[in-house]
Amino acid sequence: MKFGELMAQSPLLAVPIFVLFLFLFMFAVIFVVTMRRRASAYDPLARLPLDDELRAKGDLSS
């Protein structure tokens with residue numbers, strides 16, 4: 001029996017195909033949610049590393 005014939009008859013072939021489609025679906029959902037946000041929504045997140053440095057120097061009051 002050849003490998004191709006074995007894979008064609010195996011019911012386990014559905015598992016990796018299902019996981020592939022699940023990955024593609026989740027990737028598309030996360031991509032769309034990320035791209036729908038405005039750039040201003042990411043500004044506080046982009047400044048997080050800088051806030052810690054400024055606090056350590058005493059330049060930021062909070």
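Just so we're clear, the structure is a prediction, and the values are computed from it rather than from any experiment. (Residues numbered from 1 in each chain as written. Predicted model: local features only at pLDDT ≥ 70, side-chain atom pairs only at ≥ 80, totals over all residues. Heavy atoms only, no water.)

Enquirer: Got a minute to help me understand the overall build of the chain in this structure?
Expert: Within the chain, the secondary structure is distributed over 4 helices and 0 strands. Seen in sequence order, the chain has helices and strands lined up from the N terminus as α-α-α-α. Scored against the burial criterion, the 62 residues of the chain give a buried share of 0%. In the form shown here, the chain has an accessible surface area of approximately 6000 Å², with 70% of it arising from carbon and sulfur atoms. (Helix = DSSP H or I, 4+ residues; strand = E, 2+ residues; numbered from the N terminus. Buried < 20%, exposed > 50% of the residue type's maximum accessible area, 1.4 Å probe, protein only. Areas by Shrake-Rupley, 256 points an atom, 1.4 Å probe, with all protein chains shown as cover.)

Enquirer: Any chance you could explain a nonpolar patch on the surface here in plain terms?
Expert: On the surface, Leu12, Val15, Phe18, Val19, Leu22, Phe25, Met26, Val29, Ile30 and Val33 cluster together into a nonpolar patch covering about 960 Å² of accessible area. With respect to the helices, strands and loops of the structure, Phe18 is situated in helix 2 (residues 14-36). (Patch = residues over 30% accessible without salt bridge, like charges linked within 9 Å, V, L, I, M, F, W, Y side chains within 5 Å. Salt bridge = Lys/Arg side-chain N within 4 Å of Asp/Glu carboxyl O.)

Enquirer: Sorry, what's going on with the packing of aromatic side chains here?
Expert: Aromatic rings considered in pairs are described by the distance between their centres and by the relative angle of their planes. Scanning the model with the defined rule gives 2 aromatic pairs in all. Through pairs of rings, three or more aromatic residues link up here, namely Phe23, Phe27 and Phe31. (Phe/Tyr/Trp six-rings, centres within 6.5 Å; stacked < 30°, edge-to-face > 60°.)

Geometric descriptors of this kind do not, in isolation, establish any biological role.
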